[in-house]
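Next come the chains, spelled out residue by residue.
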Amino acid sequence: MRETFRVTIGGAHAGLAITIFIVVSFAALGGTAWALIIGGAVAFWFAVAVFSVVGGGRHGWAAAKRAYLMTFGWAGWL
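Residues numbered from 1 in each chain as written. Predicted model: local features only at pLDDT ≥ 70, side-chain atom pairs only at ≥ 80, totals over all residues. Heavy atoms only, no water.

(A) Examining the environment of L36 more closely. Within the element layout of this structure, L36 appears in helix α2 (residues 32-55). According to the relative accessible area criterion, L36 is exposed, its value standing at 64%. When the C-alpha positions of L36 and F26 are compared, they lie 9.1 Å apart, and in sequence the two are 10 residues distant. (Helix = DSSP H or I, 4+ residues; strand = E, 2+ residues; numbered from the N terminus. Buried < 20%, exposed > 50% of the residue type's maximum accessible area, 1.4 Å probe, protein only.)

(B) Structural context of the packing of α2 against helix α3 (residues 60-72). Between α2 and α3, the shortest axis-to-axis distance is 8 Å and the interhelical angle comes to 135 degrees. Of the possible angle classes, the one that applies to α2 and α3 is oblique. The handedness of the crossing between α2 and α3 is right-handed. On α3, the residues touching V42, W45, F46, A49, V50, S52, V53 and V54 of α2 are A63, A64, R66, A67, Y68, M70, T71 and F72. Its residues assigned to classes, the contact of α2 with α3 shows 13 nonpolar, two polar and one charged. (Axes fitted to C-alpha atoms, helices over the stretch in contact; angles between N-to-C directions. Parallel < 35°, antiparallel > 145°, perpendicular 65-115°, else oblique. Left-handed = near helix turned anticlockwise from the far one by under 90°. Contact = heavy atoms within 4.5 Å. Nonpolar A, V, L, I, M, F, W, Y, C, P; charged D, E, K, R; others polar.)

(C) Local environment of the side chain of T19. One can find T19 in helix α1 (residues 9-30). Note on T19: relative accessible area 13%, which makes it buried.

(D) Region of interest: α3. Given a rise of 1.5 Å per residue, 13 residues ought to cover 18 Å, and the 18 Å separating the end C-alpha atoms of α3 matches this to within 8%. What α3 keeps buried is the set A63, A67, Y68, L69, T71 and F72. Those residues of α3 that are buried are in contact with α1 and α2. (Expected span 1.5 Å × (residues − 1).)

(E) Quick peek at the side chain of T71. Tracing the sequence through the fold places T71 in helix α3. By relative accessible area, T71 is classed as buried at 7%. When sequence neighbours within four positions are dropped, the list of residues in contact with T71 reads V42, W45, F46 and A49.

Here you go:
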């Protein structure tokens, strides 16, 4: 079960690239309002992840890396 839900930094980088592509696509096709909404939602999720990781006892780069994995690591499952 643990192996099934494992995320890697490579998967997180791919998730960030896909997210940037989606936000830029929405900006080009749907206007800046949609891009701001989607980008804001992702930024909000990252902020929540940072606060939860810091509340869990991690600090500094360890907290930033864990929040990055929590926000963008989903792409490793694709």
